[in-house]
Amino acid sequence: MTRLTLERVSAGYGKADVIRDIDLVIESGQRVALIGSNGAGKSTVVKTINGLVPTRQGRVVWGDEELGRMKVSDRTRAGIGTVPEGRLLFPDCTVTENLVAASTFGAAKQHREEGLARVYDLFPRLRERAGQRAGTLSGGEQQMVAIGRALMTRPRLLVLDEPSIGLAPRVVSEIFEILGTLTRAGLSLLLVEQNVQLSLRSVDYAYLLQQGEVVLQGPSDTLLESPMVRAAYLGLPA
Amino acid sequence: MSATILLQALLSGMTNGAIYALIAVGLTLVFGVMRVVNFAHGEFLMLAMYGGYLAWAHLGLDPIIAVVLVVPALLALGVGLFETLIRPAMRVPEINQMAVTLGLSLLLQYLALMVFKADNLLIVQDRSTASLWIGPVLLQMPQAIAALAAVLLLIGLYIVLRKTDFGLIMRAVSQSRDGAALSGIDIGRTYRWAMGIGIGTLGVAGPLMASVLYVNPHIGALFTLKAFVIVIVGGMGSFGGVLLGALLVGVAESVAGVLTTASVAAAVPFALLILVMLLRPEGLMPVGGGSRA
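Residues numbered from 1 in each chain as written. Chains lettered and ligands numbered in written order. Predicted model: local features only at pLDDT ≥ 70, side-chain atom pairs only at ≥ 80, totals over all residues. Heavy atoms only, no water.

Per an unreviewed UniProt entry, chain B goes by the name Branched-chain amino acid ABC transporter permease and belongs to Azospirillum oleiclasticum. The UniProt entry for chain B carries this comment under Subcellular location (unreviewed entry): "Cell membrane". Heading Sequence similarities (unreviewed entry) of the UniProt record for chain B holds this comment: "Belongs to the binding-protein-dependent transport system permease family. LivHM subfamily." (UniProt positions renumbered as here; feature names shortened; annotations may be inferred.)

An unreviewed UniProt entry annotates chain A as ABC transporter ATP-binding protein originating from Azospirillum oleiclasticum.

The following block contains the structure:
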């Protein structure tokens, strides 16, 4: 069982810290949301987990291993799968190539065919588009490729950065339904969303980030009832 | 002017084009995967030509055999270049990277001048004066061999890029570096191999070209320029673009040589470059149909 822990993590770009003293825990199999407005530092938290941004202070611990300066690719191989902001697909490669590119190592390579079959069962629409270039797909389909690609790496924790952004509500609910299926099968989830209501309904526990700091945390139904969250993020009377 | 002469010019142009493609493909691979502009590319060709010449002059090796020795040497030079100069240079702004590779280009030219002197050297064998008749037109044997090797290597490279995991990794990194890293692809290792292969391909071209063209310490600079014209005309980082660009440059040069004078013909590739930049600045076959995500 693998747990992810952030202990007093600070990180940023240039001279300024974007996030400060972040403490966060994702237990094995737990579904956790990180919510907050645009610019609160949510994506920076994601990047300190997957290694795209180095931590300046504090520790990121995965299982019994401190990630420290571990390379991005090694974190993926260690079981942290990311669906990044902006998806970062390989636009000139086909859908299948995008998926295969995420299974060029170890167990992922060994179980490649099985992984492809699983992704195509989860997203039948992608199977129809298997030979199509990823850059020509709709936004929703691209998001499915991005999730599929992360699954091909055989993650134990799936980190999703703004998966609903720019997508039609029908596509969003389709994607969240599939995330539900995945977590019921035991996958841990870190969901980063601006859509606060949607994310709180999909997780067990949540952290609210404001200006780079965790200002509130708790079980998601508690947060849904919190006057602060209701007023500031749900547009409801406190 | 007769049709035969034009046909002859077309054939020579295509032959040269194939050889140019072989030289430019390594440049475009390095640029496409690493976004590094290697101004010293031609100097590695120069070294490979000397490698072929020395193997012939001192060991009596046929240039075709010398390829087997020169390719691993160039591959090792490519990896060495990456580990010593390029890896640190990738953390600095692009303009500084260019200064690094430009400096390396000059350094290699003058080191070659010290070691090999300024003499023009050429591999001369029995087959050097032989020629191959193809219908009414003829091809010099050394040129035909170099072009054939180029075509074979380009086909091989295409298959590797399209059909293997290794090729997919190269393409993935060239299209989204962070996306590739998040897919578990080791970026540093990919860069090392891209540079190794990008320069290693010159190990095929060099020895074979040393029996077509005189080698001297400054021969590389000419090919760096031509390779850049080809890569920019074709579309930076695109494999198909290199083939198209190289054939265009080769044929344009050679046909212009027949129609006008040699000095005008030498300017034709650059005129072609200016024309393409004006009409289609993204190149003829850009990666991703003109947009890049």
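Back to the write-up after that little detour.
So what exactly am I meant to see when it comes to the nonpolar core here?
A general tendency of soluble globular proteins is for nonpolar side chains to be buried together. By size, the foremost hydrophobic cluster in this structure holds 130 residues, and its most contacted members are L158 of chain A together with I23, M34 and F44 of chain B. Here the element with the most residues in this core is helix 1 (residues 3–34) of chain B; it accounts for 14 residues. Formed jointly, this core draws a minimum of three residues from each of two domains, domain 1 (1–79 + 155–238) and domain 2 (88–154) of chain A. Listed in part, the 27 residues of the second largest apolar core include L6, A11, M70 and L190 of chain A. (Core = buried A, V, L, I, M, F, W, Y, C linked by side-chain atoms within 4.5 Å. Buried < 20%, exposed > 50% of the residue type's maximum accessible area, 1.4 Å probe, protein only. Helix = DSSP H or I, 4+ residues; strand = E, 2+ residues; numbered from the N terminus. Domains from an automatic or database assignment.)

Got a minute to help me understand the domain arrangement of chain A in this structure?
Think of interface size as the accessible area that goes away when the parts come together; that is how it is often given. Residues and elements named next belong to chain A. By domain assignment, chain A separates into domain 1 (1–79 + 155–238) and domain 2 (88–154). One C-alpha centre belongs to domain 1, the other to domain 2; they are set 23 Å apart. Contact with domain 1, which involves 16 residues of that partner, is made by 14 residues of domain 2. Taking both partners together, domain 1 and domain 2 bury about 1,300 Å²; carbon and sulfur atoms supply 76% of that area. (Contact = heavy atoms within 4.5 Å. Buried area = accessible area lost by both parts, 1.4 Å probe.)

Is there a simple way to explain the pattern of salt bridges in this structure?
Opposite charge on two side chains allows them to pair when their charged atoms are near. The tally for this structure, following the rule as stated, stands at 23 salt bridges over all chains. With a shortest N-O distance of 2.9 Å, D186 of chain B and K71 of chain A are connected by a salt bridge. Here D186 of chain B is found in the loop between helix 7 (177–182) and helix 8 (187–200), whereas its partner K71 of chain A is found in the loop between strand 5 (65–66) and helix 2 (72–77) on a different chain. Overall, K71 of chain A belongs to the partly exposed group, its relative accessible area being 41%. For the salt bridge of R192 of chain B with E83 of chain B, the shortest nitrogen-to-oxygen distance reads 2.7 Å. Taken together, the positions of R192 of chain B in helix 8 and E83 of chain B in helix 3 (residues 63–89) put the pair 109 residues apart, joining distant regions of the chain. One network of salt bridges, in which partners are shared, links R125, R129, E141 and E174 of chain A. (Salt bridge = Lys/Arg side-chain N within 4 Å of Asp/Glu carboxyl O.)

Is there a simple way to explain the packing of aromatic side chains in this structure?
Inspection of the entire model under this criterion finds eight aromatic pairs over all chains. Ring plane angle 65 degrees and centroid distance 5.4 Å describe the contact between Y205 of chain A and Y207 of chain A, whose orientation is recorded as edge-to-face. Between the aromatic rings of F166 of chain B and W193 of chain B, the centroid separation amounts to 6.3 Å while the plane-to-plane angle is 85 degrees, which identifies the pairing as edge-to-face. Of this pair, F166 of chain B sits in helix 6 (residues 165–175) while W193 of chain B sits in helix 8, and the two are 27 residues apart along the sequence. In this arrangement the basic side chain of R149 of chain A is found over the ring face of F90 of chain A, its NZ or CZ atom lying 4.8 Å from the centre. Note that R35 of chain B overlies the ring of F31 of chain B, its terminal NZ or CZ placed 5.3 Å from the centroid. (Phe/Tyr/Trp six-rings, centres within 6.5 Å; stacked < 30°, edge-to-face > 60°. Lys NZ or Arg CZ within 6 Å of the ring centre and 35° of its normal.)

I would appreciate a short explanation of the packing of helix 1 of chain B against helix 9 (residues 202–209) of chain B in the present structure.
When two helices pack together, their arrangement is captured by the angle between the axes and the distance separating the axes. Residues and elements named next belong to chain B. For the pair helix 1 and helix 9, the least separation of the axes is 9 Å and the interaxial angle reads 140 degrees. Classified by the angle their axes make, helix 1 and helix 9 are oblique. Remark: the crossing between helix 1 and helix 9 carries left-handed chirality. Mapping the contact onto sequence places I19, L22 and I23 in helix 1 and L202, V204, A205 and M209 in helix 9. (Axes fitted to C-alpha atoms, helices over the stretch in contact; angles between N-to-C directions. Parallel < 35°, antiparallel > 145°, perpendicular 65-115°, else oblique. Left-handed = near helix turned anticlockwise from the far one by under 90°.)

How should the side chain of S199 of chain A be read in this particular structure?
For S199 of chain A, the position within the fold is in helix 9 (residues 196–202). Sequence-distant contacts of S199 of chain A, that is, excluding residues within four places in its chain, are made with A33, I35, L191 and E193 of chain A.

Please explain the environment of L6 of chain A as it appears in this structure.
Residue and element names in this part refer to chain A. With respect to the secondary-structure elements, L6 resides in strand 1 (residues 4–13). With 188 residues separating them along the chain, L6 and Q194 place their C-alpha atoms 21 Å apart. In this structure L6 touches I22, D23, L24, V45, T48, I49, R59 and V60, once residues within four positions along its chain are discounted.

Teacher, can you tell me more about the sheet that holds strand 1 of chain A here?
The strands making up a sheet are joined through hydrogen bonds of the backbone, oriented either antiparallel or parallel. Residue and element names in this part refer to chain A. Read across the sheet, four strands follow the order 2-1-4-5 without closing on themselves; strand pairing throughout is antiparallel. Unpaired on one side and paired on the other, strand 2 (16–26) and strand 5 mark the two borders of the sheet. Each of strand 1, strand 2 and strand 4 (57–62) is contacted by helix 1 (residues 42–50), which is oriented at about 115 degrees to strand 1, the strand it contacts most. (Pairing = 2+ DSSP bridges.)

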